[in-house]
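# A closer look at the structure
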Amino acid sequence: MAAPVDDRFSRCVDPAKASNSVEARFIDKVKGKGLFAKRPFKKGDTIFIEQPLVSSQFLWNALYKYRACEHCLRALETAEENARRLSGLPALSLPHPELCKVHPDRHQACPHCQVVYCSVECRQAAWEQYHRLLCLGSSHQDPDHPLNKLQDAWRSMHYPPETSSIMIMAKMVASIKQAQDKERWQRLFSHFCSRSANEEEEIVHKLLGEKFQGQLSLLRNLFSTALYEDRLSQWFTPEGFRSLFALVGTNGQGIGTSSLSQWVHACDALELPGQQREQLDAFIDQLYKDIDKETGDFLNCEGSGLFLLQSSCNHSCVPNAEASFPDNNFLLHLNALSDIGPGEEICISYLDVCQRDRSRHSRHKILRENYLFICSCQKCMSQVQEADMTSEEEEEEEEEEGEAEGDDMEDEMTDV
């Protein structure tokens, strides 16, 4: 069942403006729906800003001391605290500390379970939407509490680099159970795309690995013990739980927040005399070298969310829009990468910048394994005569990435 227009735009910061700017409509049985411009956009324009229905920090990311607001994922460390931890330099001082937008004096802990929020507004919003049901109270450190057992099981099955969280599903259930208008919340979640049984199995397999059938059964039992609700009984059956799992795996949009990154952008915008600019740029360059040596690529508070309107965007290897999180929280800004005319489809890329530069065969391999479709964008169709072979350089790169991820994981396990 498709969500009504007013619901589809309800999580946008300016719903009226968004509904006058874009529309989601059905394309065909292969692509499903897509997002289309209703007015012209110039390169760099913000198409809309949207809040997720639910979001959650990745569980390993949180365990590695990447401190984020439990509701909006805003980084809770100051830029200086963040830089010190990532660089391994405890005495480091950042210039222009006034540019840091993190305010520890505004942070609020849940009085019952002590999870931390960036503000009283976030604490209240979480309590009203889902946290009243998910709050562990005095049991927040009890390993035998059903929710803690569920999270521990998820961590044991889904290692970094993380792509999803079982707590997205928990917050979906809690949001419906707590809602006064339960039918509306069920309708909102029903908007996200569904998959066939075979496709669902492939997505679950990708998330949980070779032993996914047994792992999925364990997760479902723990999920049911912690959260069962008669009204949502279909989500707790083997088939329904797999569908819910696949929904989150397919539609989840990655979210990254960083107080340090926000501070660096603010530094870039400063108008400084030539010598001061050179000194500041040199300081930042050296800082990132120190961070790379100490921490590697894991720089941000990371999580994922379900975005109602953004989920309508299809993929292109030559996207005309991209999602970003410049506010250091879960607010998604969809920005135009090129001029977009009325009636033109708005596409993002499910691949990162480096992946988009790979061969057609390599791109298709990534998309097929992670999203279960064959791309037919303009770039892919123009390269259709290319041999279905991954270049030796790319194969070596993939092998090196796999080895590096394994090394990173071993290093990180010792740091927790």
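Let us look at the structure shown here.

Analysis parameters
Residues numbered from 1 in each chain as written. Predicted model: local features only at pLDDT ≥ 70, side-chain atom pairs only at ≥ 80, totals over all residues. Heavy atoms only, no water. Helix = DSSP H or I, 4+ residues; strand = E, 2+ residues; numbered from the N terminus. Rg over C-alpha atoms; globule rule 2.2 N^0.38 Å. Buried < 20%, exposed > 50% of the residue type's maximum accessible area, 1.4 Å probe, protein only. Contact = heavy atoms within 4.5 Å. Areas by Shrake-Rupley, 256 points an atom, 1.4 Å probe, with all protein chains shown as cover. Lys, Arg positive; Asp, Glu negative; His and termini not counted. Charge placed at Lys NZ, Arg CZ, Asp CG, Glu CD. Salt bridge = Lys/Arg side-chain N within 4 Å of Asp/Glu carboxyl O. Polar contact = N/O pair within 3.5 Å; in protein donor to acceptor, adjacent residues only side chain to side chain. Pairing = 2+ DSSP bridges. Core = buried A, V, L, I, M, F, W, Y, C linked by side-chain atoms within 4.5 Å. Axes fitted to C-alpha atoms, helices over the stretch in contact; angles between N-to-C directions. Parallel < 35°, antiparallel > 145°, perpendicular 65-115°, else oblique. Left-handed = near helix turned anticlockwise from the far one by under 90°. Nonpolar A, V, L, I, M, F, W, Y, C, P; charged D, E, K, R; others polar. Phe/Tyr/Trp six-rings, centres within 6.5 Å; stacked < 30°, edge-to-face > 60°. Lys NZ or Arg CZ within 6 Å of the ring centre and 35° of its normal.

## Considering the overall build of the protein
For the protein, the count of helices and strands is 17 helices and 12 strands. Rg of the C-alpha trace for the protein: 22 Å, near the compact-globule value of 22 Å for 416 residues, within the 12% margin. With the C-alpha coordinates aligned to their principal axes, the bounding extent of the protein is approximately 65 × 60 × 45 Å. Within the protein, buried positions represent 46% of all 416 residues. Looking at the protein alone, contacts between residues at least 24 apart form 71% of all its contacts between residues at least 6 apart. Element-wise, carbon and sulfur atoms account for 48% of the exposed surface of the protein, whose accessible area totals about 20,600 Å². The protein carries 43 positive and 67 negative side-chain charges, and their two centres are separated by 8 Å.

## Some remarks on the pattern of salt bridges
With the rule as written, the count across this model stands at 11 salt bridges. Where Glu80 meets Arg84, a salt bridge forms, and the shortest distance between an N and an O atom there is 3.2 Å. In this pair, Glu80 and Arg84 are both assigned in helix α4 (residues 79-87), four residues apart and thus about one turn of the helix distant. Under the relative-accessibility criterion, Glu80 is labelled partly exposed at 24%. Asp152 serves as the salt-bridge partner of Arg155, at 2.5 Å between the closest nitrogen and oxygen. Linking Arg155 with Asp152, this pair stays in helix α6 (residues 146-157), spanning three residues, or about one helical turn.

## Quick notes on the side chain of Ser119
Within the secondary structure, Ser119 is located in the loop between β6 (116-117) and α5 (120-134). Using a relative accessible area of 13% as the deciding quantity, one classes Ser119 as buried. At 3.2 Å, the side chain of Ser119 forms a polar contact with the backbone nitrogen of Cys122. Excluding residues within four positions of it along the chain, Ser119 makes contact with Arg106 and Gln108.

## Here we look at the pairing of strand β8 (residues 301-306)
Counting buried positions along β8 yields five of six residues, so the element is predominantly enclosed. In this structure, strand β4 (residues 54-57) lies alongside β8, joined through four bridges in antiparallel fashion. Each residue of the ladder has a partner; that of Ser55, found in β8, is Gly305. In terms of strand pairing, strand β7 (residues 253-257) meets β8 through five bridges, oriented antiparallel.

## Structural notes on the nonpolar core
Across soluble globular proteins, nonpolar side chains have a tendency to be buried as a group. Judged by nonpolar contacts, the single largest core of 82 residues is most densely connected at Ile47, Phe48, Met172, Phe189, Phe223, Phe245 and Leu334. The element that contributes the greatest number of residues to this core is helix α7 (residues 166-178), accounting for nine residues. Not counting residues up to four positions away in its chain, the partners in contact with Phe189 are Leu53, Val54, Met172, Ile176, Trp235, Leu247 and Leu306.

## Points about the packing of α6 against helix α10 (residues 212-227)
One can describe the packing of α6 onto α10 by two numbers: an axis separation of 8 Å at closest approach and a directional angle of 160°. Considering their axes alone, α6 and α10 lie roughly antiparallel with respect to each other. The two elements α6 and α10 cross, and the hand of that crossing is left-handed. Where α6 approaches α10, its residues Pro146, Leu147, Lys149, Leu150, Ala153, Trp154 and Met157 are matched on the opposing element by Gln215, Leu218, Leu219, Leu222, Phe223, Thr225 and Ala226. In terms of residue class, the contact of α6 with α10 is built from 11 nonpolar, two polar and one charged.

## Quick word on the packing of aromatic side chains
Inspection of every chain in the model, using the stated rule, returns 10 aromatic pairs. An aromatic cluster is present here, built from Trp154, Phe223, Tyr228, Phe236, Phe241 and Phe245 joined pairwise through their rings. Sitting above the plane of the Phe36 ring, Arg25 keeps its charged end 3.8 Å from the centroid.

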